[in-house]
Amino acid sequence: MQRRDALKFGVKATALALASGYVWSVAANTSTTTLLRPPAAKNEKDFLAACIRCGLCVNACPFDTLKLAEFGDGVAIGTPYFTPRKIPCYMCGAVPCVPACPTNALDASLINTDNKLDITKARMGVAVVDTANCIAYWGLRCDACYRACPMIDKALKIELKRNERTQKHAFMLPIVDNNVCTGCGVCEHACVTDKPAITIIERDRVLGIAGDNYVQGWVEGADVKNDGINKSLKFDSKKITNYLNDGEL
C-alpha cells in the first residue's frame, strides 16, 4: 500500500508541475491587453465587483463586438471587453448592452441625457494618434479614420497644415478631441496601416490631470477656483521694471 500511495503521489505531483508550467507559460506569453469595457461600464474596481460574468451584454450586442474574456486573454476571465481592430463598438442608438446588464455593472446613469440613453456620453477609452507612423503626418493624403468616425468633426477633426518639405501640398492631420471621443474604436478599425497608427487606450492610462494649481482663465466659470484666494498682494512696479538694469528683483 505504501508503494502504491507513493506512485499515486508521484503521478499527481508530476501532473501538478506540468499544469503549473503550462499556466505560467500562458501568463508569461500573454501580451498586455488594452482594457476596453462596454459603454457605461463603471470604474474597473467597481465594475469587477458588480459584474457576475453572465454574458447578457455580449448576447445583446448586435455586432458581436463584445466577447467574454478567456484564459490567456489578459483580462479578468468571464468579463466583457472588446478589441477595436477586430470589431469596434458601432455606437448603437439604443445601446442594448446596457439595459441587458442585471447588476448595474454597466451603469445607465453614466450615459444619460434627459433620462434617455445617450451613446455619445460613453467614455470607453480615447483615441491616440501615433504621429510618427500615421501616413497623414508623412504628407500622404489619408483621412480614413476621420471619415469613419461616427462623430466626425466633433471627436475627430482634420487640421490642415502647410507642408514645408514640398512647398505645395498640405498635411491633413487627424486631431482627437479628448473631451468628446467615446473610445468606440471605429477609427482604429478603419486605419489603413498594417498596425493601426490610431489606437484606443484606456482614458486613465493616457489622459493627464492638471490639478487645481492652474486655471483656464479664458473658459467661462473656470476662475471659480480663485475664490477665497488673497488677491490684495502689491508689488513694487518700479523694482519689477528695473530689475534687468539693477540686477535685482
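Since the model is a prediction, treat every value here as computed from it, not as a measurement.

Undergrad: Looking at this model, I keep getting lost on the overall build of the chain. Mind explaining?
TA: Counting secondary structure elements, the chain contains eight helices and eight strands. Contacts in the chain between residues at least 24 apart in sequence constitute 64% of all its contacts with a sequence separation of at least 6. Approximately 16700 Å² of the chain is accessible, and the part contributed by carbon and sulfur atoms is 55%.

Undergrad: What's the story with the nonpolar core in this structure? I'm lost.
TA: Generally speaking, a soluble globular protein has its nonpolar side chains buried in company with each other. Membership of the largest hydrophobic core comes to 42 residues, with the highest contact counts inside it found for Leu156, Val176 and Ile198. For this core, the secondary structure elements donating two or more residues are helix H2 (44-50), helix H3 (56-60), helix H4 (97-100), strand S5 (126-129), helix H5 (144-148), helix H6 (186-190) and strand S8 (198-201). No other element matches the three residues that S5 contributes to this core. Excluding its chain neighbours within four sequence positions, the residues that come into contact with Val176 are Val126, Ala127, Val129, Ala155, Leu156, Cys181 and Ile198.

Undergrad: Please explain unusual backbone geometry as it appears in this structure.
TA: Generally, phi is negative for residues other than glycine and the peptide bonds are trans, each holding for most cases. The backbone phi angle of Asn104 is positive, close to 65 degrees, even though this residue is not glycine. Tracing the backbone shows Asn104 in the loop between H4 and strand S3 (112-113). You will see that Gln167, though not glycine, has its phi angle at about 60 degrees, which is positive. Relative to the helices and strands, Gln167 resides in the loop between strand S6 (156-162) and strand S7 (170-176).

Undergrad: Teacher, can you tell me more about the confidence of the model for the chain here?
TA: When pLDDT drops low, the exact placement of atoms in the prediction is not to be read closely. In this model, the chain carries an average pLDDT of 86, and 81% of its residues clear a pLDDT of 70 or more. Across residues 22-31, confidence stays below pLDDT 50; counting only partners more than four residues off in sequence or on other chains, it has seven contacts.

Undergrad: Just checking my understanding: could you explain the state of the cysteines for this structure?
TA: Covalent bonding between the sulfur atoms of two cysteines defines a disulfide. Scanning the entire structure with this criterion turns up zero disulfides. Not engaged in a disulfide, the cysteine Cys89 finds its nearest cysteine sulfur in Cys92; these two sulfurs lie 6.3 Å apart. In this structure Cys184 is a free cysteine whose sulfur lies 6.1 Å from that of Cys149, the closest cysteine sulfur available.

Undergrad: I would appreciate a short explanation of the environment of Arg147 in the present structure.
TA: Mapping Arg147 onto the fold places it in helix H5. Expressed as a C-alpha distance, the spacing of Arg147 and Val186, which sit 39 residues apart in the sequence, is 9.9 Å.

Undergrad: Would you mind showing me how to read the pattern of salt bridges here?
TA: Per the counting criterion, the structure on display carries five salt bridges. As a salt-bridge pair, Glu202 and Arg205 come within 3.0 Å of each other at their nearest N and O atoms. Arg205 gets classed as exposed once you look at its relative accessible area, which sits at 54%.

Undergrad: Just to check I follow, could you spell out the side chain of Arg203 for this structure?
TA: Take Arg203: it is sitting in helix H7 (residues 203-206). Summary of buried charges: Arg203 has no salt-bridge partner, and the nearest side chain of opposite charge, Asp204, is 6.7 Å away. At 2.8 Å, the side chain of Arg203 and the backbone oxygen of Asn178 are in polar contact. Apart from residues lying up to four places away in sequence, Arg203 is in contact with Arg123, Gly125, Val126, Asn178 and Cys181.

Undergrad: When you look at the environment of Ala60 in this model, what are you seeing that I'm missing?
TA: Inspection of the secondary structure puts Ala60 in helix H3. Taking the C-alpha atoms as reference, Ala60 lies 5.8 Å from Pro96; in sequence the two are 36 residues apart. When neighbours within four sequence positions are excluded, Ala60 is seen to be in contact with Pro96, Cys97 and Ala100.

How each quantity is defined
Residues numbered from 1 in each chain as written. Predicted model: local features only at pLDDT ≥ 70, side-chain atom pairs only at ≥ 80, totals over all residues. Heavy atoms only, no water. Helix = DSSP H or I, 4+ residues; strand = E, 2+ residues; numbered from the N terminus. Contact = heavy atoms within 4.5 Å. Areas by Shrake-Rupley, 256 points an atom, 1.4 Å probe, with all protein chains shown as cover. Core = buried A, V, L, I, M, F, W, Y, C linked by side-chain atoms within 4.5 Å. Buried < 20%, exposed > 50% of the residue type's maximum accessible area, 1.4 Å probe, protein only. pLDDT = per-residue confidence, 0-100. Disulfide = S-S within 2.5 Å. Salt bridge = Lys/Arg side-chain N within 4 Å of Asp/Glu carboxyl O. Lys, Arg positive; Asp, Glu negative; His and termini not counted. Polar contact = N/O pair within 3.5 Å; in protein donor to acceptor, adjacent residues only side chain to side chain.

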